[in-house]
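Next come the chains, spelled out residue by residue.
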Amino acid sequence: MTSTLEISDANRVRTVTLNRPEVLNAFSEAMYAETAAALRQAADDPEVAVVLITGNGRAFSAGNDLHEMQRRVTDPEFNAQGSNFPTMIEALADFPKPLICAVNGVGVGIGATMLGFADLAFMSTTARLKTPFTSLGVAPEAASSYLLPRLMGRQNAAWLLMSSEWVDAPEAHRMGLVFKVCEPDELLAEARRHAEILAARPIASLMAVKQTMSAPLRDAVAAAMARESEQFAVLLGAAANASALADFTGKRGD
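Residues numbered from 1 in each chain as written. Predicted model: local features only at pLDDT ≥ 70, side-chain atom pairs only at ≥ 80, totals over all residues. Heavy atoms only, no water.

Undergrad: So, the overall build of the protein chain: which residues are in play, and what are the values?
TA: The number of helices and strands found in the protein chain is 12 helices and 10 strands. Expressed as a percentage of its 254 residues, the buried residues of the protein chain come to 50%. Considering only residue pairs separated by 6 or more positions, the protein chain has 74% of its internal contacts joining residues 24 or more positions apart. Surface accessibility of the protein chain: about 11900 Å² in total, with carbon and sulfur atoms responsible for 54%. (Helix = DSSP H or I, 4+ residues; strand = E, 2+ residues; numbered from the N terminus. Buried < 20%, exposed > 50% of the residue type's maximum accessible area, 1.4 Å probe, protein only. Contact = heavy atoms within 4.5 Å. Areas by Shrake-Rupley, 256 points an atom, 1.4 Å probe, with all protein chains shown as cover.)

As structure tokens, this is what we get:
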């Protein structure tokens, strides 16, 4: 089975590249599982100080694979298998070392909400972000209902989470969602430069800083994820969601 990730190491920085460019790096169940595993492995590797996540091709990630979401609504057997999405979110929440995201192109859904777990986020001037929860008739995800208001302020987070509108790089920077905006051909180099500055520090010290910053948030993140999952379960397959998914996949029954 072909891996959904490309992984490389240099100067104690592990770069994890989302690698489904033919579908704009949309997260399949396999990609959720592989990303979680990659984060766990990096956490346990004494030679890795920092993880940098980016995307292959013209997207960071187009979010959840909506064809699989459609199957979850229409195929009870597939739905009964459960999802690897919570496993990846738990791996992000638990990751004990600096995590950097380099948003090279469009980031939709988890491609945007993932930034709530990033210690530093860099974004290409040509990239755009969107959380299409209301356009899909579902609830937020990935503890974004807690992390994004804390990161961006309530009103900026409310617009991002409620509007299903695109946010460009300057606006994302103004809102506080990203640390730095870069020209496309400078994005990875700038993200890696910052990653290597951090990676040159003692790993134990980096982990101590992150642990003391994130420990007060752990319970709140878990509680937010539980609330979101409860709302998502209610809304998945309901009229608004079923209609939106049918429009996307071309499988409307009427």
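Undergrad: Lay out the sheet that holds strand β4 (residues 59-61) with the relevant residues and their values.
TA: Ordered by their spatial adjacency, four strands build an open sheet running β4-β6-β8-β9, and the pairing between neighbours is mixed. Across the chains shown, the open sheet's two edge strands, defined by having one partner strand only, are β4 and β9 (167-168). Both strand β6 (residues 106-108) and strand β8 (residues 128-130) contribute to a ladder of two bridges, which runs parallel. Directly across from Gly-107, in β8, lies its bridge partner Leu-129. (Pairing = 2+ DSSP bridges.)

Undergrad: Lay out unusual backbone geometry with the relevant residues and their values.
TA: A positive phi angle, close to 65 degrees, is found at Arg-12, a residue other than glycine. Note on placement: Arg-12 falls in the loop between β1 (5-10) and β2 (13-18). The phi dihedral of Leu-24 falls on the positive side, at around 55 degrees, and the residue is not glycine. Turning to its location among the elements, Leu-24 is positioned in the loop between β2 and α1 (29-44).

Undergrad: Describe the environment of Ile-197, listing the residues and the values that go with them.
TA: Relative to the assigned elements, Ile-197 resides in helix α9 (residues 187-199). Ile-197 sits 147 residues away from Val-50 along the chain, and the two C-alpha atoms are 9.8 Å apart.

Undergrad: Give a description of the sheet that holds β1 that names residues and reports values.
TA: Here six strands make up an open sheet; going across it, the order is β1-β2-β3-β5-β7-β10 and the pairing mixed. Among the strands making up the open sheet, the edge pair consists of β1 and β10 (180-182). Direction aside, the axes of adjacent strands within the sheet are offset by 20 degrees on average. Two elements, β2 and strand β3 (residues 50-55), share six bridges in a ladder whose sense is parallel. By the bridge assignment for β3, Thr-15 is matched with Leu-52. (Axes fitted to C-alpha atoms, helices over the stretch in contact; angles between N-to-C directions.)

Undergrad: A description of the packing of α1 against helix α4 (residues 85-94) should follow, citing residues and the corresponding values.
TA: Contact pair α1 / α4: the axes reach a minimum separation of 8 Å and the direction vectors enclose 25 degrees. For the element pair α1 / α4, the angle class is roughly parallel. Here α1 and α4 pass one another in a crossing that is left-handed. Residues Glu-29, Tyr-32, Thr-35, Ala-36, Leu-39 and Arg-40 of α1 form the contact with α4, whose own contacting residues are Phe-85, Thr-87, Met-88, Glu-90, Ala-91, Leu-92 and Asp-94. (Parallel < 35°, antiparallel > 145°, perpendicular 65-115°, else oblique. Left-handed = near helix turned anticlockwise from the far one by under 90°.)

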